[in-house]
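# Report on the structure
What follows is each chain in one-letter form.
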2 protein chains.
Amino acid sequence: MATRQKTGRPTLTREDLADATLRLLEREGPGGLSMRKVAAEVGVQAASLYWHVQNKEELLDLASDALWEGLEPEPPGAVAAGDDWRATVAEASRRLRAHLLAHHSAVRVLAGRFAPGPRALAPMERLLATLRGAGFSGPDAANAAYTLSTWVQGFVIHEAVPMSAAEERGATPEQASEEARQRLAALPADRYPHLVELAGEISGPGMDTRFEFGLARLLDGLERLRGTGGD
Amino acid sequence: MATRQKTGRPTLTREDLADATLRLLEREGPGGLSMRKVAAEVGVQAASLYWHVQNKEELLDLASDALWEGLEPEPPGAVAAGDDWRATVAEASRRLRAHLLAHHSAVRVLAGRFAPGPRALAPMERLLATLRGAGFSGPDAANAAYTLSTWVQGFVIHEAVPMSAAEERGATPEQASEEARQRLAALPADRYPHLVELAGEISGPGMDTRFEFGLARLLDGLERLRGTGGD
DNA sequence: ACCTGAACACCGTTCAAGT
DNA sequence: ACCTGAACACCGTTCAAGT
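Residues numbered from 1 in each chain as written. Chains lettered and ligands numbered in written order. Predicted model: local features only at pLDDT ≥ 70, side-chain atom pairs only at ≥ 80, totals over all residues. Heavy atoms only, no water.

Placing chain B over chain A gives an RMSD of 0.0 Å and needs a rotation angle of 180°, together with 0.0 Å of translation along the axis. The two molecules are tied by a two-fold rotation axis, judged by turn and shift. When the interface residues of chain B are mapped onto chain A, 100% of them are again interface residues, pointing to one common binding face. (Least-squares fit on C-alpha atoms with pLDDT ≥ 70 in both. Contact = heavy atoms within 4.5 Å.)

Each partner contributes to the interface: chain B provides 55 residues, whereas chain A provides 55 residues. Here chain B packs against chain A, burying approximately 4900 Å² in sum over the two surfaces, 66% of which is carbon and sulfur. Looking at the side of chain B facing chain A, the largest losses of area belong to Tyr146, His158 and Phe213 of chain B, adding up to 14% of the total buried there. Taken together, chain B and chain A are joined by six salt bridges. Of the charged contacts in the structure, one is a salt bridge between Asp220 of chain B and Arg224 of chain A, with a shortest N-O distance of 3.6 Å. When residues in the side of chain B that touches chain A are grouped by element, the largest group, 18 residues, is from helix α8 (residues 138-168) of chain B. When the residues that make up the side of chain B that touches chain A are grouped by side-chain class, the tally is 28 nonpolar, 11 polar and 16 charged. (Buried area = accessible area lost by both parts, 1.4 Å probe. Salt bridge = Lys/Arg side-chain N within 4 Å of Asp/Glu carboxyl O. Helix = DSSP H or I, 4+ residues; strand = E, 2+ residues; numbered from the N terminus. Nonpolar A, V, L, I, M, F, W, Y, C, P; charged D, E, K, R; others polar.)

What follows concerns the protein's contact with DNA strand C. Taken together, 17 residues surround DNA strand C, and among them Arg36 and Tyr50 of chain A together with Gln45, Ser48 and His52 of chain B come closest. Within the side chain of Ser34 of chain A, a nitrogen or oxygen atom sits 3.2 Å from a phosphate oxygen of DNA strand C. One of the side-chain N or O atoms of His52 of chain B is found 2.6 Å from a phosphate oxygen in DNA strand C. Of all elements in the fold, only α2 (35-41) of chain A together with α3 (49-52) of chain B reach the threshold of two or more residues within the surface near DNA strand C. Looking at the surface near DNA strand C element by element, the count peaks at three residues for α2 of chain A. (Near = heavy atom within 4 Å. Polar contact = N/O pair within 3.5 Å; in protein donor to acceptor, adjacent residues only side chain to side chain.)

Below, the discussion takes up the UniProt feature "domain: HTH tetR-type" (unreviewed entry) in chain A. Here the UniProt-annotated "domain: HTH tetR-type" (unreviewed entry) positions come out as residues 11-71 of chain A. Regarding residues 11-71 of chain A, the helix share stands at 61% and the strand share at 0%, and the terminal C-alpha atoms are separated by 26 Å. (UniProt positions renumbered as here; feature names shortened; annotations may be inferred.)

Next up on the list: the protein's contact with DNA strand D. Lining the immediate environment of DNA strand D, one finds 17 residues, of which Gln45, Ser48 and His52 of chain A together with Arg36 and Tyr50 of chain B sit closest. Of what DNA strand D places within 4 Å of the protein, 61% of the atoms are sugar or phosphate. Separating a phosphate oxygen of DNA strand D from a backbone N or O atom of Gln45 of chain A is a distance of 2.6 Å. Tyr50 of chain B is positioned with one of its side-chain polar atoms (N or O) 2.7 Å from a phosphate oxygen of DNA strand D. Mapped onto the surface near DNA strand D, the elements with two or more residues apiece are α3 (49-52) of chain A together with α2 (35-41) of chain B. For the surface near DNA strand D, the per-class residue count stands at six nonpolar, six polar and five charged.

Let's shift gears to the environment of Gly221 of chain A. Residues and elements named next belong to chain A. Structurally, Gly221 is set in helix α12 (residues 207-226). For Gly221, a relative accessible area of 0% puts it in the buried group. Taking the C-alpha atoms as reference points, Gly221 and Ala144, 77 residues apart in sequence, are found 9.9 Å from one another. (Buried < 20%, exposed > 50% of the residue type's maximum accessible area, 1.4 Å probe, protein only.)

Here the UniProt feature "DNA-binding region" (unreviewed entry) sits at residues 34-53 of chain A. Between the C-alpha atoms that bound residues 34-53 of chain A there is a distance of 14 Å. The span itself is 55% helix and 0% strand.

All names here are of chain A. Its domain assignment divides chain A into domain 1 (3-66) and domain 2 (76-231). Look at where the C-alpha atoms of domain 1 and domain 2 centre, and you get two points 30 Å apart. The interface of domain 1 with domain 2 comprises 16 residues on the first partner and 13 residues on the second. Summing both partners gives a buried area of about 1200 Å² for domain 1 against domain 2, and 53% of it is carried by carbon and sulfur. The largest contributions to the domain 1 side of the interface with domain 2 come from Glu26, Pro30 and Asp65, which together make up 45% of the buried area. Seen at the junction of domain 1 and domain 2, the total is four salt bridges. The partner of Arg119 in a salt bridge is Glu15, and the shortest N-O contact between them spans 3.7 Å. Connecting domain 1 to domain 2 are four residue pairs in polar contact (both at pLDDT 80 or more). Elements represented by at least two residues in the side of domain 1 that touches domain 2 include exactly α1 (14-28) and α4 (56-66). (Domains from an automatic or database assignment.)

What the rule picks out here adds up to 10 aromatic pairs over all chains. Geometrically, the ring pair formed by Trp151 of chain A and Phe211 of chain A is stacked, given 5.0 Å between the ring centres and 20° between the ring planes. Taken together, the residues Trp151 of chain A in helix α8 (residues 138-169) and Phe211 of chain A in helix α12 connect sequence positions 60 residues apart. Assessed through its relative accessible area of 0%, Phe211 of chain A is described here as buried. In this structure an aromatic cluster arises from ring pairing among Tyr146 of chain A together with Trp151, Phe155 and Phe211 of chain B. Positioned above the aromatic ring of Phe213 of chain A is the side chain of Arg217 of chain A, whose terminal nitrogen or guanidinium carbon lies 4.6 Å from the ring centre. Positioned above the aromatic ring of Tyr146 of chain A is the side chain of Arg210 of chain B, whose terminal nitrogen or guanidinium carbon lies 4.3 Å from the ring centre. (Phe/Tyr/Trp six-rings, centres within 6.5 Å; stacked < 30°, edge-to-face > 60°. Lys NZ or Arg CZ within 6 Å of the ring centre and 35° of its normal.)

Which parts of space are left empty comes out when a probe the size of a water molecule is rolled across the atoms. Applying the stated criterion across every chain, the model contains one cavity of 30 Å³ or more. Estimated volume of the largest cavity: approximately 50 Å³. Around the largest cavity sit Met124, Leu128, Ala142, Ala145 and Tyr146 of chain A together with Ile202 and Arg210 of chain B, which together line it. At the level of elements, α7 (121-133) and α8 of chain A are the ones that each hand at least two residues to the lining of the largest cavity. Ranked by residue count, the leading element in the lining of the largest cavity is α8 of chain A, at three residues. Split by residue class, the lining of the largest cavity holds six nonpolar, no polar and one charged. (1 Å grid on protein atoms, 1.4 Å probe; cavity = no way out; pocket = protein on both sides within 12 Å on 5 of 7 lines; lining within 4 Å. Points joined across faces, edges and corners; volume = space filled by probe spheres on them.)

Structure follows, in structure tokens:
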């Protein structure tokens, strides 16, 4: 009894499994994930998953691709064409960061699977279009897009991991960053003079500022490559 | 019988456990890791690990910190002081990438744990020293170091994951990147014109070129912030 | 202080069997 | 074509007990 028909959908999709995995990850955190629980989440026995998916590995790959779902394109009207490629790229980067951060628990688990899946294609295409429209050559646009997206993802991993870890321990991000600051400040000043001096700057949590800093440097570097630098 | 004394070392260190975990990860790949196997690797029963470590989570954190071991400082004499901060930072970045890539299997598993542990302190201190020596303010140096290291780590994750995944399937990196290229080239050209056009550039495997591209952009952006742009 | 043996609840995966 | 039940080998973790 209690077969799947009650959901109304004819059969289980691989997408359904990916979504269920992501949902479970957000709800129970890392470690709360198992084939049996994913199966339960979609109303089926664990063994049934192996009809749709080869193994857990493949399920996690599907989930990591599903992470791109819901990343909205920046509104095209909000930004002028031509020379304002900087604003467009900046906005896309900020949206990507915010989107991934909204799934920080999943990011922590899926970080080791960041590889471009089918759902990452559309955002990548948009970024390439912006860059080519700004006058970058094909290879430069490809390299620039790669640099930007690896940076944003690396940034978010570093942001999401302590966030998710602190959450598990029941601490706020502020508490966690204050602890980090104290650890740095307590270091031997003769061996680590700069870490001690800059403990406050290093341990955040001015993450927005830090993101904008990196973004601005990257865009400046790209602008210089592009040849002209004025507005 | 067969107690630990035969190794000569008095007792098991947390460092020993971290090293054993890393060794196991490299040797058996992701999925070949278990408390029982780590215990066997150090010649002990699984239950004994819980004397040294709270749980598997903590063991993996130790291992992710051990990943920084063996990262050699760039030779100070190889690079002139003062204005050649670019060369020093570039060399440090290349060394970090090479070092992490030499542990790509571990990187794939530990990617979701990239947070600064005790062994990451020395490299970070060196980077900060270089940047401050180049004239960056404290906050700028802290932000620049953060940007650089998140980027390198994000880059390496994207490089290591397909590498390690291909290895598991018994394919070479070249085969894997050729497959990726074909998948991109086969996309509908009306929806993804740029991805199709740039399939070759995007799927690599010109990873060295791509790394140098990102590094150059980042350094250019930092140089501009620093104020002057000559040599 | 450090390690073992045995146990518990749970896990990923397979496979013959059902519809 | 899709799902189940039962089974297998293995897992993380606890805990009383040993030395």
